[in-house]
Every structure is written in C-alpha cells, then in structure tokens.
Amino acid sequence: MGIDKSPTATLGNAPAGYEGPGFFATSLDKAVGMARKNSIWPLPFATSCCGIEFMATMASHYDLGRFGSERLSFSPRQADLLMVMGTIAKKMGPILRQVYEQMAEPKWVLSMGACASSGGIFDTYSVLQGIDRIMPVDVYIPGCPPRPEQVIDGLMQIQKLVENESLRRRDSEEYKKLQEKYGLN
Amino acid sequence: MAEVKDIVQNKPVEKIYSTLNLGPTHPATHGIFQNILKMDGEIVMDAESTVGYIHRAFEKIAEHRPYNQITPLTDRLNYCSSPINNLGWHMTVEKLIKAEIPKRVQYLRIIIMELSRIADHLVCNSVIGVDTGAMTGFLYVFQYREKIYEIFEEICGARLTTNIGRIGGFERNWSPTVWKKLDEVLEVLPKGLREFENLLTRNRIFIDRVSGCGPISAEKALSYSFTGPNLRAAGVDYDVRVANPYSSYEEFDFKIPVGTTGDTYDRFMVREQEMWESISIIRQAIEKVKKEPADIFHGKVPEFYLPDKEDVYNKMEALIYHFKIVMGEMDVPVGEVYHAVEGGNGELGFYLVSDGGRNPYRLHFRRPCFIYYQAYPEMIKGGMLSDAILTMSSMNVIAGELDA
Amino acid sequence: MADVLNTLNEKLKTKFGSDILSAEQLFDFPVFTVKKEKILEIIKTLKEEEGFNFLTDLTGTHYPDNKGQELGVIYHLHDMPGNRRIRLKTYASLADPKVLSLTGLFPGANWMERETFDFYGVLFTGHPNLKRILNMDEMNYFPMRREYPMEDAKRDDKDNSMFGR
C-alpha cells in the first residue's frame, strides 16, 4: 500500500491477483468490493445538528467527493449507505425504519453522533434511545456532533467493510438471523 | 381524471385536486417537516403542516438540570448559531441574579454573537442558492464559515455546539490567535461575501426565480408573531438589538435593513445586508475592546462563575466551589424573568421561573421558528410547488428550534 | 417602567375592576394576574385601545400545590411602537382546564396554544384545531405536568445501580 504522493488522486490500489501481459485475474469478490467501495451513494438522513456538520463535510473544505461519495442519493431505492444524523424521536422511528426497508441490498447503515447512536443527552420520553433498536447498524461515530474528520473516518470504516464483504454474506444464515432479530422480512 | 371523450365532446370537466405528501423526509426539504399539500396541477391550493418529528423535550429536561448544565441544551435549539443561544441563556440568568457584567465582556459577547449571525445567514442564503440550482454559492461561502468556526474552536474548543462562555463571562481570556484569526476573517469575509453577492443578487435568472415567491404582508407577519429577518423582509423594522438593547448594543451604530414585499428575494437581501452590518458591528466592537483593560473576561459573581480550572485541580476550596456550582447548590433568587435576544431567526426569548431551587421551576424557550412556521401554508397558497420549497428554505426553518 | 404598570393598572381596574387579581412589577415586566373568564376581553382591550398588537409568547405552567388553580397560562404582549412589554397570567383548575383561545385575535396563537395543550392539557375553547402538535397523537398524558418523569418510564436497559438509584 504506502502513501500515494502523486498529485493525481487514485481511487485505490488493485487487489491481489495474477497479472500478465494484457490480463489481470483476481477473485470476483475483490473486484466487486473495490468497485463498490469507491462509489458508495449515501442517503443523508439528517434531522438535526449533525446534519449541519455533514453539510460542512460535504462542502468544499472537507470534500466527501474524495471518497467517491459526493453523489447523495435522496431516494432510498438507489442508496447504498444510510447515514442517520441527528436525534431520532419516537415519532420519527417508523419513518426511518420504512426508509431502511426500502433500500435495496446490499445496504449499510452509519449512525452519526451521540443521539442516533444512543439517544445522547436526550434521555427523555420522546426520543428513541439509539437507532440500533429498530435497525442493524454497521458503524457508529461518537461525538455531539462529531467533527467532519470523524465523519470521514466513519465513512472510511464503512469503505473497509464494503471492500471486504463476501458476496455471499447477505445470503448467510447469520445475516438472516440478524434480520429476524429486527423483524425485517 | 377527465376522460378523453369528455374533452372531445366539450363536456365541462370536473376539477380534481390531488394530494401530495411532502415529507417528513424529502430531498428538497432541509430538516424534517411534513406538509400535506392539496394540489391543482402545479398550484398549491392548501397545505397542512405536521411538526414534532424531532421533539426532544428541552423544557422538561431543563426542569431537571442545574443552571450551568442548561447551556449545552440551548446549543441544540438553533444549531446554526449556537453561541447566540448560549449567551442569551447566560444573560437571562445574569438578569435573574442581577450580575454586573464588565463592558469588555459585553463587547466580546457581541463579537461572538455577530460572528454566529453571519454563520447562520451564510447557511440560509447559500441554501437558497442551492434550491434555485446554484450550488456554487454554497461551496464558495462554506469555506468562510469554516473560518468562523475556527475562531469558535479557538475560544471554546468546539465548532458547532459550542457551549461558549459561562454565567458571568468567559471561561478564559481570548488568546492572541483568536484576534489574529478574527482579523483574517474580517479581511477575507467581505471579499467572499461580495463574490457571493455578485453571483446571485444581480443575476437575472435568480431574481426572476425568487422575486414574488412566498410573499407575506407586514400586517399578516405581525399577526403571526413573526420576528427577525422574516419580519424585517416584510417591512417592519423590529430588531431586539435596538428595541430592547442587551449587552451594550445601544452603543453601536448599525442599520436595520428592511424589505418591502416579504418575498424570498427580500428575505435573501435582508440577510445579506445584515451580514454587512454584522461585519461593521464586529469592527466597532474590536475598537471598543481595545480601550478596555485587557485582562477582564468575566464579571465578579463568585457564587455563579466557575473558578479557574488551574485552581480547581490544585486547590481544595476551588474544587468545592466548582462542584457546588455545577451541581446547582448555589442560592438562586426566587423570581421570574423574560429575556430576549436577536437570534439568527428572530426574537429568541427565555422565560425563566425560579423557585430558589437548584433547577429552574419552569423554563420556556420562545422559539422564533416554531412561531413563524405556522404561517407557511398561508404563504405558499396559490403559488407553484417549486416556490413552496424555496419559501421554506428562505424562511430558514431549523428543525431543532422548531420542535424543541 | 413602573409608570407602565401604574397607567395600565389604572385603566384595567376602571374597566374590569375585580377581574384584575393582582398587578406587580417583576424585573422589567409589569405582570397582571387576571380571571380566566376575562382573559380574552382584557387582551382584546389591550390590543385595541393600548396598542399591544404583538403576541410575543404564550405558554403554560403547572403548580400542583396551588389547589384549584394548578394550571397557568402565561402571555407576553408587546406594544411595538411604544416599546412596552407586559406579561399576563391566568390560572385554571385541573378539573376544569378551560381557557379562552386567542386565535381570533392573533392567528399566531394557534400553534402556541396547541403546544400548551400538548404539554399541559389546557383546553383552549374556541381553538379551531386543538390537537397535539409535538408529541405523538397516541400519547395519553400531558408530559410537562410535574408528576410525570423526564425519562421514558418504559425503558428496561438501564441498570439502576449504575445510576446511583
């Protein structure tokens, strides 16, 4: 790997494989993982303060486009990654869940900030105490709100998951059990 | 729907309205608001708003927290301009305990409040640009906003939810870096703002798009208890900074920009002009600060102002005091006060009832967003659907403040 | 400031007499406590004759020990040209939490009253659409009343020994 010092941005390094004149062979898993990793379309489910920090992350200064995620998908049907940012009240819970159910597999969930992860400072009658009560979550970002650097770190964690995920994971017994636990399908 | 044969035979076609559900999560709305629109083609005939999707029970929490611990809550009201909320709350408590705040602290507060007003208006105006299809402005101005955030970071350590200052003043004196960064912002911000204005204010396409969009008359705006830029865009020169000056605003020389028709263009322009006024206020405040003794950064309210962190770690008494103050074991006078500050969106009021206990007996936030958002159906009636989106973003409805 | 209190008090006393229960100056606000049956009439008079044409704020409060007058409604009015601000208070009992609605005078009172109803259960008679606004419609209590806890009572994941209870 090593740090790339060339001025042009690279999308990533080629996975391990066999290279010869005019051909390159690797496993399908790795090729797909590399492609997916660099074109994650996030659905920003921004409800409150964290959404503003996400805007800062998206904007010119921090530039989420460097990670292939500048194309926000506001429609759940075309999104790969659900980014939940901000407090989810109980009134909002069913709507968030519906958005999650509408997303096509494979899908990942990133919970940004203390409120989405655990309810944060709002331990009250009206706030859902963490979105993992209604849906599985892949990466949690701590902070109230997290700094843009942390958001980028969280996204890179998701990239790592996406890159290394087996193509069969979504058919596995383990995944089905996870879905059953949340009452999905 | 009308059958083809009806139209061919020139029969009167029955008018059919369609219902459109806009929200709670909709790509075009910033934040989560649900509006059920009754549409006649592209024209909005009626609308019904539902709010409360991020109701977090601020007022209930406030009844269970000591005074110092309420400051972080106020951050999360209008999170585009948290420092105004923080300082507004501190001033409310200072009014209740009748604390004398030195002039220098008041001027420092004004610098912070005006910086955060600029940050707030930058978001709103650049988002109006995004909604009219001009993403460029958004990308331009956000770098200046980052510079303002850097100043907040230098003062208090946080960017967005700042928890800035303490009851009585600031936790520490401003470092030379703050002043350096402030000078830097004052140098680059006007240029950036001018550039942003060149992009939009005299842009034919932009003007055609936003003028006459979502207007409201001054009478209507007053009857709906509008405040802030939205009221001023309708032509009423009401500004809390002038009507009920706090933190020595009466010593400053600034104009209140007003609009005429209360449409999106006026709201945009009022916010633009306010940013220029804010820059001028900051410049005046810096001059005034220079004339004050440089080592004062808090008032003499030892019962409420947290002791120096250095002492807390090294001295027994300071630690005890720190603990007592944070846990609310100080003597708060019995009484009730209402204090209003000019927030990013209008009159942000704090109605505080104290029964002498460690927590407020009742704390109510007058949230300008919540109050003016109820006029939204009235403002979009008769307009196009795309204008409805634009009206919402130009009203600058912040979900955290709306739902409390 | 005090003369605002005195002049208004005189005017209101001559017109409404014993319906004005008390008048006092609290910090920079003249505060009048009035009978709830007269609140609409008094605010109408203030609006039309005294120029208090801006409803700054409307909110509720709850004093469980104040028997017969548990629920309070607090109004902040503003006379913008004269730059005078006043606060009005009125109280209702839990058994009969009915207070007249201001929606006829100020359309902006609509959501503020709905919020007060949502939090405290004050019934505003004459309100066009009195239903919950911030909380879920299924909620069966008024959460801001003092007897209800801040935390969700149905939570099961909290270990009390870790929270010092």
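Every chain is numbered on its own, with residues counted from 1 as its sequence reads. Working convention: letters from A go to chains and numbers from 1 go to ligands, in the order in which they are written. With pLDDT at 70 or above as the cut-off, local features in this predicted model cover only qualifying residues; side-chain atom pairs require 80 or more to be listed or tallied, and sums for whole chains, interfaces and linings still use all residues.

Peer 1: Would you explain the overall build of chain C in this entry?
Peer 2: Within chain C, the regular secondary structure consists of three helices and seven strands. Scanning chain C from its N terminus toward the C terminus, one meets helices and strands in the order α-β-β-α-β-β-β-β-α-β. Counting other C-beta atoms within 10 Å of a residue's C-beta gives its exposure: the residue is buried at 20 or more, exposed at 12 or fewer, and partly exposed in between, where C-beta atoms are placed from the backbone. The buried share of chain C, taken over its 165 residues, is 37%. A sequence separation of at least 24 residues applies to 49% of the contacts in chain C between residues at least 6 apart. Here a strand is any run of E in DSSP of at least two residues, a helix any run of H or I of at least four, and the numbering for each starts at the N terminus. Residues are scored as being in contact if the C-beta atoms we place from backbone atoms lie within 7 Å.

Peer 1: Looking at this structure, I do not really get the domain arrangement of chain B. What am I missing?
Peer 2: A common way to state how big an interface is: give the accessible area lost once the parts meet. Residues and elements named next belong to chain B. Each domain's extent is set by a domain assignment, obtained either automatically or from a database. Under the domain assignment used here, chain B contains domain 1 (4-50) and domain 2 (58-403). One C-alpha centre belongs to domain 1, the other to domain 2; they are set 37 Å apart. With six residues, the single largest contributor to the side of domain 1 that touches domain 2 is strand E3 (residues 43-50). Here the residues of the side of domain 1 that touches domain 2 sort into seven nonpolar, four polar and three charged. Under the scheme applied, nonpolar residues are Ala, Val, Leu, Ile, Met, Phe, Trp, Tyr, Cys and Pro; charged residues are Asp, Glu, Lys and Arg; polar residues are all the others, including Gly.

Peer 1: Can you help me understand the nonpolar core in this one?
Peer 2: Nonpolar side chains in soluble globular proteins tend to end up buried together. Residues Leu82(A) and Val84(A) are the most contacted members of the largest nonpolar core, which totals 200 residues. Sorting elements by how many residues they give to this core places helix H5 (residues 103-131) of chain B first, with 14 residues. When residues are assigned to domains, this core turns out to be shared by domain 1 (4-50) and domain 2 (58-403) of chain B, each giving three or more. Discounting chain neighbours no more than four positions away, the residues touching Val84(A) are Phe45(A), Leu96(A), Val109(A), Ser111(A), Met112(A), Ala116(A) and Ile131(A). Note on terminology: a nonpolar core is a set of buried residues of type Ala, Val, Leu, Ile, Met, Phe, Trp, Tyr or Cys, with members joined through C-beta atoms within 7 Å.

Peer 1: Looking at this structure, I do not really get the sheet that holds strand E1 (residues 18-22) of chain B. What am I missing?
Peer 2: Note on sheets: strands pair through backbone hydrogen bonds, and any given pair is parallel or antiparallel. Residues and elements named next belong to chain B. If DSSP finds at least two bridges between two strands, the strands pair. Spatially, three strands are ordered E1-E2-E3 in an open sheet, and the strand pairing comes out antiparallel. At either end of the open sheet lies a strand with only one pairing partner, and these are E1 and E3. Neighbour to neighbour, the strand axes of the sheet diverge by 25° on average, direction disregarded. Every axis corresponds to a line fitted to the C-alpha atoms, with the helix fit spanning only the stretch in contact, and the corresponding angles, defined between N-to-C directions, vary from 0 to 180 degrees.

Peer 1: Would you mind going over the interface of chain B and chain C with me for this structure?
Peer 2: Each side of the interface is counted separately: chain B has 30 residues, and chain C has 26 residues. At the level of secondary structure, the elements contributing two or more residues to the side of chain B that touches chain C comprise helix H2 (58-62), helix H9 (218-223), strand E4 (335-342), strand E5 (347-354), strand E6 (362-366) and helix H15 (368-373) of chain B. Within the side of chain B that touches chain C, the residues separate by chemical class into 13 nonpolar, nine polar and eight charged.

Peer 1: Explanation requested: the packing of helix H7 (residues 176-200) of chain B against helix H12 (residues 264-290) of chain B in the structure shown.
Peer 2: In a pair of packed helices, the angle between the axes and the distance between the axes together describe the arrangement. Residues and elements named next belong to chain B. The geometry of H7 relative to H12 is characterised by a closest axis approach of 11 Å and an angle of 165° between their N-to-C directions. One way to sum up the angle between H7 and H12 is to call them roughly antiparallel. Read as a crossing pair, H7 and H12 show a hand that is left-handed. Taking contact as the criterion, the partners of Leu186, Leu189, Pro190, Leu193 and Glu197 in H7 are, on H12, Glu272, Met275, Ile279, Ile282 and Arg283. Across the contact of H7 with H12, the residue classes break down as seven nonpolar, no polar and three charged. Angular relationships are summarised with four words: roughly parallel below 35 degrees, roughly antiparallel beyond 145, roughly perpendicular across 65 to 115, and oblique for the angles in between. Each crossing gets its hand from how the near helix is turned against the far one by less than a right angle, where anticlockwise is left-handed and clockwise is right-handed.

Peer 1: Mind showing me how you'd approach the interface of chain B and chain A here?
Peer 2: Contact residues are listed per partner, giving 26 residues for chain B and 27 residues for chain A. Among the secondary structure elements, those contributing two or more residues to the side of chain B that touches chain A are H2, helix H6 (135-156) and helix H18 (399-403) of chain B. With five residues, the top contributor of residues to the side of chain B that touches chain A is H6(B). Within the side of chain B that touches chain A, the residues separate by chemical class into 15 nonpolar, six polar and five charged.

Peer 1: I'm lost on helix H3 (residues 67-75) of chain B in this one. Help?
Peer 2: Given 3.6 residues per helical turn, the α-helix brings residues three or four places apart onto the same face. All names here are of chain B. Of all the nine residues making up H3, seven are buried; the element is thus mostly covered by neighbouring parts of the structure. Taken together, the buried positions of H3 are Tyr67, Asn68, Ile70, Thr71, Leu73, Thr74 and Asp75. Buried residues belonging to H3 abut H2, helix H4 (82-97) and helix H14 (316-326).

Peer 1: Would you take a moment to explain the packing of H12(B) against helix H17 (residues 385-395) of chain B for this structure?
Peer 2: All names here are of chain B. Here H12 crosses H17 at 25°, and the two axes come no closer than 10 Å. Between H12 and H17, the angle is such that the two are roughly parallel. Taken as a pair, H12 and H17 cross one another with a handedness that is left-handed. Facing H12, whose interface residues are Thr264, Arg267 and Phe268, H17 presents Leu390, Thr391 and Ser394. Per-class residue counts for the contact of H12 with H17 are two nonpolar, three polar and one charged.

Peer 1: Explanation requested: the sheet that holds strand E4 (residues 81-85) of chain A in the structure shown.
Peer 2: Residue and element names in this part refer to chain A. In spatial order, the strands read E3-E4-E5-E6; together these four strands make up an open sheet with parallel pairing. The sheet is open, and its two borders are formed by strand E3 (42-46) and strand E6 (139-141), each paired with just one other strand. Strand-to-strand twist across the sheet, computed as the mean angle between neighbouring axes with direction ignored, equals 15°. In this sheet, E4 lies alongside E3 in parallel orientation, the contact comprising five bridges. The partner of Ala46 across the bridge, within E4, is Met85. Of the strands in this sheet, E4, strand E5 (108-112) and E6 touch helix H5 (residues 148-164), which is tilted by about 160° from E5.

Peer 1: So what exactly am I meant to see when it comes to H5(A) here?
Peer 2: All names here are of chain A. Helix span is expected to be 1.5 Å times the residue number reduced by one. The end-to-end C-alpha distance of H5, which contains 17 residues, comes to 25 Å, matching closely the 24 Å that a straight helix rising 1.5 Å per residue would cover. Among all positions in H5, only Pro148, Val151, Gly154, Leu155, Ile158, Gln159 and Val162 are buried. Buried residues in H5, looked at end-on, bunch into an arc of 150°, giving them a common side. H5 presents Glu149 and Asn164 as exposed residues on the side facing more than 90 degrees away from its buried surface. Lining the buried residues of H5 we find helix H1 (28-37), helix H2 (49-58), E4, E5 and E6. Directions are taken from the helix axis to each C-beta atom, and the arc is the one they span.

Peer 1: Please explain the confidence of the model for chain C as it appears in this structure.
Peer 2: Fine structural detail should not be taken from predicted coordinates in areas where pLDDT scores are low. Of the residues in chain C, 93% have a pLDDT of 70 or more, and the chain-wide mean is 89. This prediction of the complex comes with two scores: 0.92 for pTM and 0.93 for ipTM. Each residue gets a pLDDT score, which is the predictor's confidence in that residue and runs from 0 to 100.

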